[in-house]
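The residues making up each chain are set out below.
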Amino acid sequence: MFSQDDHRWMSRALELARRGVYTTAPNPCVGCVLVRDGEVVGEGYHQRAGEPHAEVYALRAAGEKARGATAYVTLEPCSHHGRTPPCANALIEAGVARVVAAMVDPNPQVGGRGLRLLSEAGIETAHGLLAAEAEALNPGFFKRMRTGFPRVTLKLGASLDGRTAMASGESQWITSPEARRDVQRLRARHDAVLSTATTVLADDASLTVRWDELPEGVKAAYPRERLRQPKRIVIDSKNRLTPAQSLFAREGEVWLARHTAQGQWPASVNELLVPRLGEGLDLVSLFMLLAKQNINSVLVEAGASLAGALISAGLVDELVLYQAPILMGDAGRGLCHLPGLEKLARAPKLELSDVRRVGPDIRITAKVV
Ligand code: AOF
Ligand code: ZN
């Protein structure tokens, strides 16, 4: 059904889409290439929510040459009036002859309607070309659209023997500056960073992205003036945080997840009221609330208690573990608190997706299965 040329142009559209990875949230990254008589007549990609979609940039670049062209789009053209008008209509008006989408848009406001509009207008349509690559572009957006939950990445740092702190609690800087730079990249790729009052109070963590500390390759693709701070979500079920913590002095929003509102906060701080569950707050409700606030992806940076609770609740999609070549001994603190786990058969299982060196450390990326 798809020719070699089709593959080539869709690969190009995917490449364009990737340029938006740090800036499109809460929208997905999308790329579009318009080809007529074997020649590219227009290209575009989505840059920022509220700004035009990929197809619009490609159509503007092509002008009259869009007539009779094939449009390669990494996501089904939209059919709804969101922040911008429907791309399906724009493609119809421009007179394109064929539209190839890598995949259908799982957004319930679209969900096949874009392709249907196009084919009802007499345009040849197809989808499913390089679909796995297109899926991988927007894992958070797709998960939120399909399930109503954000995609959750759990970041952990430990010694080679899996310890995060000495028995005394001493723990600062186990992993290298290179690993910390890599964490800056992770933060930049997520819509929100989630932590706890315990971690914030212990480390005086800021949880922000510092553009200067991003790896060089990321800086090239992510101009300083487009830097977007991930929302910082802090679980503070005992209302322990006060406006004095340095977290609140940094640029970007902070959402405090609590049972009850309390205190006077600057405008950049919101209290997110979450129901109680046992000792803490209901994590399932918290994540559903975050998805309702258009958060596609959450990076968790906290201690062993939250890590264990999230894994036990089945809320973690992926784990990123940095391990430093040091041994901290078996009296040190562990990575993940899993009370009541006695049988190996019940131990959470992971599947490695990537293992590499980051400076002197190891980075392991694994999916929770
Ligand atoms: C496309 N092309 O480049 C993108 C699409 O609020 P809006 O108008 O920006 O619409 C956002 C929705 O449009 C988003 O949730 C997703 O379903 C779709 N994104 N569609 O045709 C694009 N970025
Ligand atoms: Zn659109």
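Nothing here was measured: the structure is a model prediction, and the numbers come from that model. (Residues numbered from 1 in each chain as written. Chains lettered and ligands numbered in written order. Predicted model: local features only at pLDDT ≥ 70, side-chain atom pairs only at ≥ 80, totals over all residues. Heavy atoms only, no water.)

**Student:** Can you help me understand the site of ligand 1 in this one?
**Tutor:** The environment of ligand 1 is made up of 18 residues, and the closest members are His53, Ala54, Glu55, Arg83 and Asp105. His80 places a polar side-chain atom, nitrogen or oxygen, 3.5 Å from an oxygen atom of ligand 1. Contacts to ligand 1 include Asn107, whose side-chain N or O atom sits 2.9 Å from an oxygen atom. For ligand 1, the accessible surface in isolation is 520 Å², of which the surrounding protein chains cover 96%. Partitioning the shell around ligand 1 into residue classes produces seven nonpolar, seven polar and four charged. (Near = heavy atom within 4 Å. Polar contact = N/O pair within 3.5 Å; in protein donor to acceptor, adjacent residues only side chain to side chain. Areas by Shrake-Rupley, 256 points an atom, 1.4 Å probe, with all protein chains shown as cover. Nonpolar A, V, L, I, M, F, W, Y, C, P; charged D, E, K, R; others polar.)

**Student:** Sorry, what's going on with the UniProt feature "binding site: substrate" (unreviewed entry) in the protein chain here?
**Tutor:** Here, the residues flagged by UniProt with the feature "binding site: substrate" (unreviewed entry) are Ser171, Arg187, Asp203, Leu207, Arg210 and Glu301. Tracing the chain through its elements places Arg187 in helix H7 (residues 177-189). With relative accessibility at 9%, the residue Arg187 sits in the buried group. Once residues lying within four places of it in the same chain are set aside, the contact partners of Arg187 are Val193, Leu207, Thr208, Val209, Arg210, Pro230, Leu299 and Glu301. As for its position among the elements, Leu207 is in the loop between helix H8 (197-203) and helix H9 (216-221). Overall, the relative accessible area of 2% leaves Leu207 in the buried class. The contacts of Leu207, once residues within four sequence positions are left out, are Arg187, Val193, Ser195, Val200, Arg232, Val234 and Leu247. (UniProt positions renumbered as here; feature names shortened; annotations may be inferred. Helix = DSSP H or I, 4+ residues; strand = E, 2+ residues; numbered from the N terminus. Buried < 20%, exposed > 50% of the residue type's maximum accessible area, 1.4 Å probe, protein only. Contact = heavy atoms within 4.5 Å.)

**Student:** It is not clear to me how unusual backbone geometry should be interpreted in this structure. Could you clarify?
**Tutor:** Glycine aside, negative phi is the norm for most residues, and most peptide bonds take the trans geometry. With an omega of 5°, the peptide bond between Ala25 and Pro26 qualifies as cis. For Pro26, the location among the structural elements is in the loop between helix H1 (4-18) and strand E1 (31-36). Positive phi values are uncommon outside glycine, yet Asp204 reaches one of about 50°. Inspection of the secondary structure assignment puts Asp204 in the loop between H8 and H9. Asp204 sits in the partly exposed class, given a relative accessible area of 43%. Non-glycine residue Asn294 carries a positive phi angle of around 70°. Here Asn294 is to be found in the loop between helix H10 (283-292) and strand E13 (297-300).

**Student:** Which parts of the structure should I look at to understand the packing of helix H3 (residues 87-94) against helix H4 (residues 113-120)?
**Tutor:** Two quantities define a packed helix pair, namely the angle between the helix axes and the distance between the axes. At a minimum axis separation of 9 Å, H3 and H4 run at an interaxial angle of 20°. Here H3 lies roughly parallel to H4, going by the angle between them. The two elements H3 and H4 cross, and the hand of that crossing is right-handed. Contacts between H3 and H4 pair Ala88, Asn89, Leu91 and Ile92 from the former with Gly114, Leu117 and Leu118 from the latter. For the contact of H3 with H4, a count of residues per class yields five nonpolar, two polar and no charged. (Axes fitted to C-alpha atoms, helices over the stretch in contact; angles between N-to-C directions. Parallel < 35°, antiparallel > 145°, perpendicular 65-115°, else oblique. Left-handed = near helix turned anticlockwise from the far one by under 90°.)

**Student:** I tried to follow the layout of surface pockets on my own but got confused; where do I start?
**Tutor:** By rolling a water-sized probe across the atoms, one finds the places where empty space is left. Taken as a whole, the second largest pocket holds about 800 Å³ of empty space. Around the second largest pocket, the lining comprises 30 residues; the ones closest to its centre are Ala136, Leu137, Pro139, Arg151 and Arg189. Listing elements by their share of the lining of the second largest pocket, those giving two or more residues are helix H5 (131-137), helix H6 (139-147), strand E6 (151-159), H7, strand E14 (318-324) and strand E16 (361-368). Tallied by class, residues from the lining of the second largest pocket come to ten nonpolar, nine polar and eleven charged. Taken together, domain 1 (4-137) and domain 2 (139-368) each give at least three residues to the lining of the second largest pocket, which thus spans both. (1 Å grid on protein atoms, 1.4 Å probe; cavity = no way out; pocket = protein on both sides within 12 Å on 5 of 7 lines; lining within 4 Å. Points joined across faces, edges and corners; volume = space filled by probe spheres on them. Domains from an automatic or database assignment.)

**Student:** Where do I start with the sheet that holds E14 in this structure?
**Tutor:** Hydrogen bonds between backbone atoms are what pair the strands of a sheet, whose relative direction is either parallel or antiparallel. Read from one edge of the open sheet, nine strands run E10-E9-E8-E7-E13-E6-E14-E16-E15, paired in mixed fashion. Of all the strands in the sheet, the pair left with one neighbour each is strand E10 (269-273) and strand E15 (350-358). Across the sheet, the axes of successive neighbouring strands diverge by a mean angle of 20°, strand direction being ignored. Running at roughly 140° to E6, helix H11 (residues 304-312) makes contact with E6, strand E7 (192-196), strand E8 (231-235), E13 and E14 of the sheet. (Pairing = 2+ DSSP bridges.)

**Student:** For this particular structure, what's the right way to read the nonpolar core?
**Tutor:** Side chains of a nonpolar character, in soluble globular proteins, are inclined to be buried together. Grouped together as the largest cluster of nonpolar side chains are 43 residues, with contacts concentrated most on Met10, Leu34 and Val99. The element that contributes the greatest number of residues to this core is H1, accounting for six residues. There are two domains that each give this core at least three residues, and those are domain 1 (4-137) and domain 2 (139-368). Dropping the residues within four chain positions of it, Met10 is found in contact with Tyr72, Val73, Thr74, Val100, Ala101, Ala102, Leu129 and Leu130. In terms of nonpolar packing, the next biggest core, distinct from the first, is built from 31 residues, Ile235, Leu272, Leu290 and Leu306 among them. (Core = buried A, V, L, I, M, F, W, Y, C linked by side-chain atoms within 4.5 Å.)

**Student:** Help me understand the UniProt feature "domain: CMP/dCMP-type deaminase" (unreviewed entry) in the protein chain in this model?
**Tutor:** Taking the UniProt record as the reference, the feature "domain: CMP/dCMP-type deaminase" (unreviewed entry) is found at residues 4-125. Counting secondary structure, residues 4-125 comes out at 33% helix and 19% strand; the distance between its end C-alpha atoms is 17 Å.

**Student:** For this particular structure, what's the right way to read the sheet that holds strand E3 (residues 70-73)?
**Tutor:** Strand order in the open sheet formed by five strands is E2-E1-E3-E4-E5, and the pairing between neighbours is mixed. On the outer flanks of this sheet lie strand E2 (39-45) and strand E5 (124-127), each paired with one strand and no other. Strand-to-strand, the axes of this sheet are offset by a mean angle of 15°, without reference to chain direction. Bridge count for E1 against E3 is four bridges, and the pairing is antiparallel. Residue pairing in the sheet places Val33 in a bridge with Tyr72 of E3. The strands touched by H4 are strand E4 (98-101) and E5; relative to E5, the strand with the most contacts, the crossing angle is about 155°.

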